[in-house]
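Observations on the three-dimensional arrangement
Residue strings, one per chain:
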Amino acid sequence: MPEALAARIAMFADAEAAFAWRPDGVIVSNPTILHPACAAAALDRGIDVLVEKPVGAELRDVEPLEGKIGAGGPRAYVGYNLRFHPIVEAVKAAIDSGAYGRVLKADLYAGHWLPHWHRYEDYRTGYAARRDLGGGVLRTLSHEVDLGQYWFGGYGQVLARVSKVSNLEIDVDDSAQIVAETARCPVLKITLDYLRPAYRRGGEVFFEGGLMAYDFTRMSVEFTDYDSAKTRALLTVEDCDCNASYRRQMEAFLARSDDRICTLKEGIEVMRVIEVCEQSSARREVMHVQA
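Here is a short report on the structure shown in this document.

Our focus in this paragraph is the state of the cysteines. Taken as a whole, this structure holds 0 disulfides when the rule is applied. Looking at Cys262, it has no disulfide partner, and the nearest cysteine sulfur is the one in Cys277, 16 Å off. When its relative accessible area of 1% is taken as the criterion, Cys262 is described as buried. With no disulfide partner, Cys277 has as its closest neighbouring cysteine sulfur the one in Cys185, 14 Å distant.

Here it is in structure tokens:
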């Protein structure tokens with residue numbers, strides 16, 4: 001570590017000593033189950049908070065956080081950093097501009113074989129695999145649930161199947177299938193799993209004018225129009241810096257001024273959708289997301 005950087009880093013043995021240091025902001029990045037309590041401790045002291053996604057493990061634990069922020073007080077955000085990725089920006093720009101017409105439906109997918117996710121650790125001990133730490137694919141890979149609201153507006157009806165279908169040694173869900181309606185997308189399908197041998201994240205958005213496909217593996221966005229059935233490239237990300245979206249998110253957090261960063265309210269809404277998905281799966285019926 002460079003000496004100049006080391007001189008600016010302070011380490012503390014307990015939270016009270018850290019708060020006494022009077023930080024400008026706090027990043028909460030411990031296991032999911034601990035997020036709400038740590039965020040509350042900072043907000044109660046008037047300190048801005050950026051909470052790693054998801055904002056918590058259970059909706060009942062995160063809803064009280066909203067009462068700790070307000071005009072002139074501390075602010076809280078949730079770390080859905082994909083909002084700052086150029087692929088996500090390109091898709092959102094197309095939706096918002098109406099250049100390809102109305103959205104007809106969308107399919108979003110994210111999957112990764114859990115034992116290969118963090119190769120430096122035993123997958124069975126990580127938070128993503130443990131119910132007592134707030135794990136499970138629906139929470140751990142909830143970026144797509146957030147993109148659903150970020151791109152297409154608030155959720156309405158939801159039908160979901162959340163389950164463990166593999167022989168992985170985990171006590172949480174490893175597969176989630178969601179079909180929902182949102183304010184700007186009549187049919188939104190989200191598929192999340194811990195099962196895909198090679199990481200994949202991508203999706204398709206069907207517009208009145210054609211099909212937009214985005215792919216985080218190929219780092220591309222393409223569009224195929226109905227008239228010609230020809231596909232053209234809209235975006236290719238060369239030499240992608242995987243940390244760029246995190247840096248841009250951090251800059252927005254420190255500036256308190258970027259409308260892309262996920263607000264606490266939006267992060268809680270993701271948890272509300274997750275809870276409704278689990279209820280829908282348990283009851284095997286369509287449920288409605290209500291604030």
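Alright, that's what it looks like, and here's the rest.
Moving on: the environment of Leu50. The topology assignment puts Leu50 in strand β2 (residues 48-52). Taking the C-alpha atoms as reference points, Leu50 and Gly79, separated by 29 residues in sequence, lie 6.5 Å from one another. In this structure, Leu50 is in contact with Val26, Ile27, Val28, Tyr77, Val78, Gly79, Gln249, Met250 and Phe253, ignoring residues within four places of it in sequence.

With that settled, the discussion passes to unusual backbone geometry. The peptide bond linking Lys53 to Pro54 adopts the cis configuration, its omega dihedral lying at -10°. A positive phi angle is found at Met219, which is not glycine, with a value near 55°. Assignment of secondary structure puts Met219 in the loop between β9 (210-215) and β10 (220-225). Backbone geometry places Asp239, a non-glycine residue, at a positive phi of 50°.

With that out of the way, let us pick up the sheet that holds strand β1 (residues 25-28). Pairing is mixed in the open sheet, where 4 strands are placed in the order β1-β2-β3-β12. The open sheet terminates on both sides in strands that have one partner only, identified here as β1 and β12 (262-263). Relative to β12, strand β3 (residues 76-79) runs antiparallel, the two sharing 2 bridges. The partner of Val78 across the bridge, within β12, is Cys262. The strands touched by helix α3 (residues 35-43) within the sheet are β1, β2 and β3, with β2 carrying the most contacts at an inclination of about 170°. Strand contacts of helix α8 (residues 244-255): β1, β2 and β3, with the helix running at about 155° to β2, the strand carrying the most contacts.

All right, on to the nonpolar core then. Within the largest apolar cluster, 75 residues are counted, with the highest numbers of intra-cluster contacts made by Trp151, Phe152, Tyr155, Val158, Ile178 and Phe207. Take this core: its biggest share by element is 8 residues, from helix α9 (residues 264-283). Leaving out residues up to four positions away in the same chain, Phe207 has contacts with Ala94, Ile95, Tyr100, Gly101, Arg102, Val103, Leu104, Met212, Phe223 and Tyr226. Leu50, Tyr77, Ala252 and Phe253 belong to the second-largest nonpolar core, a separate cluster that totals 6 residues.

Moving on to the side chain of Lys53. Its place among the elements puts Lys53 in the loop between β2 and α4 (59-62). Look at Lys53: it is buried, it has no salt bridge, and the nearest opposite charge is Glu52 at 5.2 Å. Contact partners of Lys53, with chain neighbours within four places excluded, come to His35, Val78, Gly79, Tyr80, Thr140, Leu141, Ser142 and His143.

With that settled, the discussion passes to the packing of helix α7 (residues 143-152) against α9. Put simply, α7 and α9 touch, their axes get as near as 10 Å, and they point 115° apart. Here the hand of the crossing between α7 and α9 comes out right-handed. Contacts between α7 and α9 involve Val145, Asp146 and Gln149 from the first element and Glu266, Glu269, Val270 and Val273 from the second.

In this section: the pairing of strand β6 (residues 175-182). In this structure, strand β5 (residues 155-163) lies alongside β6, joined through 7 bridges in antiparallel fashion. If you follow Ser163 over to β6, its bridge partner there is Ser175. Bridge count between β6 and strand β7 (residues 185-193): 7 bridges; the pairing is antiparallel. Counterpart to Ala176 in the pairing with β7 is Leu192. Two successive antiparallel strands, β6 and β7, enclose a turn made up of 2 residues.

Our focus in this paragraph is α7. For α7, a buried count of 10 out of 10 residues is recorded, marking the element as mostly surrounded by other parts of the structure. Where α7 is concerned, the buried positions are His143, Glu144, Val145, Asp146, Leu147, Gly148, Gln149, Tyr150, Trp151 and Phe152. Following α7 by one or two positions, Gly153 adopts a phi angle in the positive range, close to 90°.

Conventions we followed
Residues numbered from 1 in each chain as written. Predicted model: local features only at pLDDT ≥ 70, side-chain atom pairs only at ≥ 80, totals over all residues. Heavy atoms only, no water. Disulfide = S-S within 2.5 Å. Buried < 20%, exposed > 50% of the residue type's maximum accessible area, 1.4 Å probe, protein only. Helix = DSSP H or I, 4+ residues; strand = E, 2+ residues; numbered from the N terminus. Contact = heavy atoms within 4.5 Å. Pairing = 2+ DSSP bridges. Axes fitted to C-alpha atoms, helices over the stretch in contact; angles between N-to-C directions. Core = buried A, V, L, I, M, F, W, Y, C linked by side-chain atoms within 4.5 Å. Lys, Arg positive; Asp, Glu negative; His and termini not counted. Salt bridge = Lys/Arg side-chain N within 4 Å of Asp/Glu carboxyl O. Left-handed = near helix turned anticlockwise from the far one by under 90°.

These figures come from the coordinates and say nothing about function on their own.
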